[in-house]
Amino acid sequence: MASLLSLLLLLLLAAAAAATSPGRLVPYDLLYADGVRAYFARDWGRAAELLQRALHSYAGLRAARRACRAACRREAAFLGGPPGAGPWEAALFGRVLQRADCLQHCLGLRLGVAPSAHRASHAIRRDFEQREPYNYLQVAFFQLKKLDRAVSAAHTFFVANPQHLQMREDIEKYRRMSGVKSDNFRDLEAAPHWEAYEAGVQHYDADEYLQAVARLEESLTEALAALEECRALCEGPWEDEEEEEEEEMQPGLYEAIAAHYIQVLKCRQQCVLEIATKPGRISATEDFIPSHLDLLQFAYDQVGNQALAAECAASYLLFYPTDEPMLEKMREYRTELGEDTAFTARESIQHYVQRSLMEKKLIYYAVEHLGGTFNDPDLWTPDELIPENLKEKHREDQEKQKQETLDVEEREKRGPLPFEGIAVTMDSRRMNGTQRVVFDRVLTESECKDLLRLTKAAGEAGDGYRARRSPHTPHERFEGLTILRAVQLAQNGDVDWRDTKLFLQASEKSRKIIESYFTPGKKLHFSFTHLVCRTAVDEEQEGRMDLSHPVHADNCLLDPEGQECWREPPAYVYRDYSGILYLNDDFQGGGLFFTEMDTVTVTAEVHPKCGRLVAFSSGKENPHGVWAVSRGRRCAIALWYTHSQEHAEQERVKAEELMEQRAVEQDRPDGEERQGTDHSGRSSAEPPLPNSGAGPTSRRQKPGSDRTQHPKELRARDEF
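Presented here is an overview of the structure given in this document. (Residues numbered from 1 in each chain as written. Predicted model: local features only at pLDDT ≥ 70, side-chain atom pairs only at ≥ 80, totals over all residues. Heavy atoms only, no water.)

## Here we look at unusual backbone geometry
Formally: Burial classification: accessible surface area is computed with a 1.4 Å probe over protein chains only, and a residue below 20% of its type maximum counts as buried, one above 50% as exposed, and the rest as partly exposed.
Residues P569 and P570 are joined by a peptide bond in cis, for which omega reads 10°. At R131, a residue that is not glycine, the phi angle is positive and equals roughly 65°. Note on R131: relative accessible area 9%, which makes it buried.

## A word on empty space enclosed by the protein
Counted only if it meets this: Cavity and pocket criteria rest on a 1 Å grid covering protein atoms alone: a 1.4 Å probe that fits but cannot get out defines a cavity, protein on both sides within 12 Å along at least 5 of 7 lines defines an open pocket, and an atom within 4 Å of a point defines a lining residue. Grid points are joined across faces, edges and corners, and a volume is the space filled by probe spheres set on the points. Each helix is a run of H or I in the DSSP string that is no shorter than four residues. Each strand is a run of E no shorter than two, and both are numbered from the N terminus. Nonpolar residues are Ala, Val, Leu, Ile, Met, Phe, Trp, Tyr, Cys and Pro. Charged residues are Asp, Glu, Lys and Arg, and all others, Gly as well, are polar.
For the structure shown, the criterion picks out two cavities of 30 Å³ or more. Roughly 80 Å³ of internal volume is contained in the largest cavity. Contributions of two or more residues to the lining of the largest cavity are made by α10 (209-233), α11 (253-276) and α15 (347-370). It is α15 that contributes the most residues to the lining of the largest cavity, four residues altogether. Broken down by class, the residue content of the lining of the largest cavity amounts to three nonpolar, two polar and five charged.

## A closer look at the sheet that holds strand β13 (residues 624-626)
Applied cut-off: By definition, two strands form a pair when at least two bridges between them are found by DSSP. Every axis in this analysis is a line fitted to C-alpha atoms, fitted for helices over the stretch in contact. Angles between the N-to-C directions lie between 0 and 180 degrees.
Strand order in the open sheet formed by four strands is β5-β13-β10-β11, and the pairing between neighbours is antiparallel. What marks the edges here is a single partner per strand, and that holds for β5 (549-552) and β11 (602-606). Across the sheet, the mean angle separating the axes of adjacent strands is 20° when strand polarity is ignored. Relative to β11, strand β10 (residues 592-595) runs antiparallel, the two being bridged by four bridges. Residue pairing across strands places T595 opposite V602, the latter belonging to β11.

## Structural notes on the nonpolar core
Convention followed: What we call a nonpolar core is a set of buried Ala, Val, Leu, Ile, Met, Phe, Trp, Tyr and Cys residues that are connected through their side-chain atoms within 4.5 Å.
Ranked by internal contacts, the top residues of the largest apolar core, which has 45 residues, are F288, I289, F319 and Y352. Broken down by secondary-structure element, the contributors of at least two residues to this core are α9 (192-205), α10, α11, α12 (288-302), α13 (306-319), α14 (324-337) and α15. No other element matches α10, which puts ten residues into this core. If you look at the next biggest cluster of nonpolar residues, it comprises 44 residues, including A54, I124, A150 and A153.

## Some thoughts on the side chain of H118
Test applied: Under this definition, polar contacts are N or O atom pairs within 3.5 Å; protein pairs additionally need one hydrogen-donor-capable and one acceptor-capable atom, and for neighbouring residues in sequence, both atoms have to be side-chain atoms.
Among the secondary structure elements, H118 is positioned in the loop between α4 (88-111) and α5 (122-129). In terms of polar contacts, H118 uses its side chain to reach the backbone carbonyl oxygen of L25, at 3.0 Å.

## Side note on a nonpolar patch on the surface
The condition is simple: To count toward a patch, a residue needs a relative accessible area above 30% and no salt bridge. Like charges then connect within 9 Å, nonpolar side chains (Val, Leu, Ile, Met, Phe, Trp, Tyr) within 5 Å. Here the open area of atoms and residues is found with the Shrake-Rupley method and a 1.4 Å probe, where only the protein chains shown may cover a residue. Salt bridge, as used here: a side-chain nitrogen of Lys or Arg that lies within 4 Å of a carboxyl oxygen of Asp or Glu.
Nonpolar side chains collect at one region of the surface, where L253, Y254 and I257 lie side by side and expose about 300 Å² of accessible area between them. Turning to its location among the elements, L253 is positioned in helix α11. The exposed category is assigned to L253, whose relative accessible area is 51%.

## A closer look at the pattern of salt bridges
Going through the model one piece at a time under the given rule, you end up with 34 salt bridges. Of the charged contacts, one joins D440 and K609 as a salt bridge, the two residues approaching to 4.0 Å between their closest N and O atoms. Of this pair, D440 sits in strand β2 (residues 436-440) while K609 sits in the loop between β11 and β12 (613-617), placing them 169 residues apart in sequence. For D450, the salt bridge is made with R453, and the minimal N-O distance between the two is 3.1 Å. Placement of the pair is D450 and R453 together in helix α17 (residues 445-461), with a separation of three residues, close to one helical turn. On the accessibility criterion, D450 (25% relative accessible area) is partly exposed. Linked by salt bridges that have partners in common, R69, R231, E235, R268 and E359 make up one network.

## What to know about the pairing of β2
Of all five residues making up β2, five are buried, and the element is well covered by its neighbours. Alternating residues of β2 divide into R436, V438 and D440 and V437 and F439, and every residue in both groups is buried. Bridge count between strand β1 (residues 423-426) and β2: three bridges; the pairing is antiparallel. Directly across from M426, in β2, lies its bridge partner V438. Examined bridge by bridge, β2 and β12 share four bridges and lie antiparallel to one another. In the strand pairing of β12, V438 is matched with V614.

## A few points about the state of the cysteines
This is how it is decided: Cysteine sulfur atoms that pair up within 2.5 Å are treated as a disulfide.
Throughout the structure, instances matching the rule amount to seven disulfides. Residue C448 pairs covalently with C610 via a disulfide, S to S 2.1 Å. Taking the sign of the S-S torsion, about 95° here, the bridge from C448 to C610 comes out right-handed. Here C448, found in helix α17, pairs with C610, found in the loop between β11 and β12; they are 162 residues apart in sequence, far enough to count as distant. Here C448 and C610 have matching classes, each one buried.

Here it is in structure tokens:
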């Protein structure tokens, strides 16, 4: 009777599949190959048709696989069979064979051909994952005069490939074309959960909690649905990553089953990274699912719905059961709603966590006993789940994976250097950190000497610290010169105009180098520019124990004990990148060093020399300090940059205006005698290229206190 019932259900499933089948689905790799051939034959109409059909076939194949696996999971379930149904092999493999039979029938009916016909090569699959067909499509549509569709195809490709320079130029051209509308720039492959998530975070940051709740709930629902679709697609053919030699012994029955099953489990675990990685980005948003619950808990609390806030808090605690701030919130909700009130986590989140922990347990067992590796994608995995002999390796793998991801992301977005002859002598990897780099040959020896002439005036002009000679340590004398003060000294005849102009040019050259390396396409503005010297006070060096400048971060307040850096005033929270351009090396000490968050574990050192530029991001990832200058005088140009035009250095704007005003006066026929001949003009800034979107950051507490409160007046401050 059971067999008859199974057969009947299979027939009903086949009928349903046939009713929804669009007919024979031509394999997408064949359509793609024909489309590319038509493209290079300049048969634009046929190329557009075939490439669209390839995309349709690719989507159809994925949809068929998802639908059939979901249907067959219900139809040929592994659990719930009658007790004592025979030997375990028949009970287990009988269900496996039924599931395989169900999938073959379902996919055959939906695709119209044998499923094996749709096994594309790895290179073709990668092209579709990276949206390469849209690259061809935009050219084909442009040639066919279908501008709106060309723009949509170009934008869809560019969203996933923001480092593609040719497409960036094409996008800019499209923006300037008449007839192109802003809504033509739409992502045809946009994931619904990303749009909802970013809208929800924007409402959250604007204190619009009702709107935030609606969009974040939508994002969470869509993200969990996308996760299930990704997991279903993991149950595909065996992928031999190492391409074993034919002579190598093939695994036996159970080894082969175990190996394929563990591959599927690992794929399912990685799905959370797939849905948490925005198209075009390298790294995923950390704790993507838990972060929804964290934000929702606070938003529901703000709109007065403590019951749902408590539900979200209970759900969050499934990931981090010892999180003290969330436990404190739960105690508050119990007080408000009654001690007898039962707070239960969402059923969907309970299922998600329980299933994930079950899969992790099986994977770690396989890694421990059968070999292999596993890069756990989650930060919340309980420590007790990991076998004792794998814990240290697990921590090392997580750190290595994080470092590699950041390095790849940094390399992907890096642009070409805008000047010849400059060398990158140390990058992030060699400096054991992230967003760090050292350039050499930015200045020549003669340029360093000319700029050192300005430092003599700096000693007489004050230090930019309200005439304090030793703002950081009594063992050194500090001298500083701002960009505007240098121009004013030149006006008064105290310094050479050429040296002042070189000061402007050297700092602008450094800005262009740092911008092209770290943020191509996203404009960096000067935040502050300071020509500084530190001179050892000879009689104060004996028994000296302090630093020239204590360890700190440039845009947040470093808390070594709490292993945190608070991005709030009085820190310069708007600073994004920092740099220092060295002018000399004839002194002792004075090197720059980077540390861990504890401020004592040194990770890298940079030794000053003429023309060397060190640059790094200004956040908590780069705590740094300066070793004591024990003899001689160390001079450099200290530079800080911001993406915020609102916080651009106003003194620099004024200084440039004065320089231009002088240039105009010199060009007059009756102008004053020139003090020197300039060999190069001030380089104008390049127009900004399209900004690349930045992923949202983690929000444990509502950043009401984190709201940027900027100083009303500019203050000179040297961070080195």
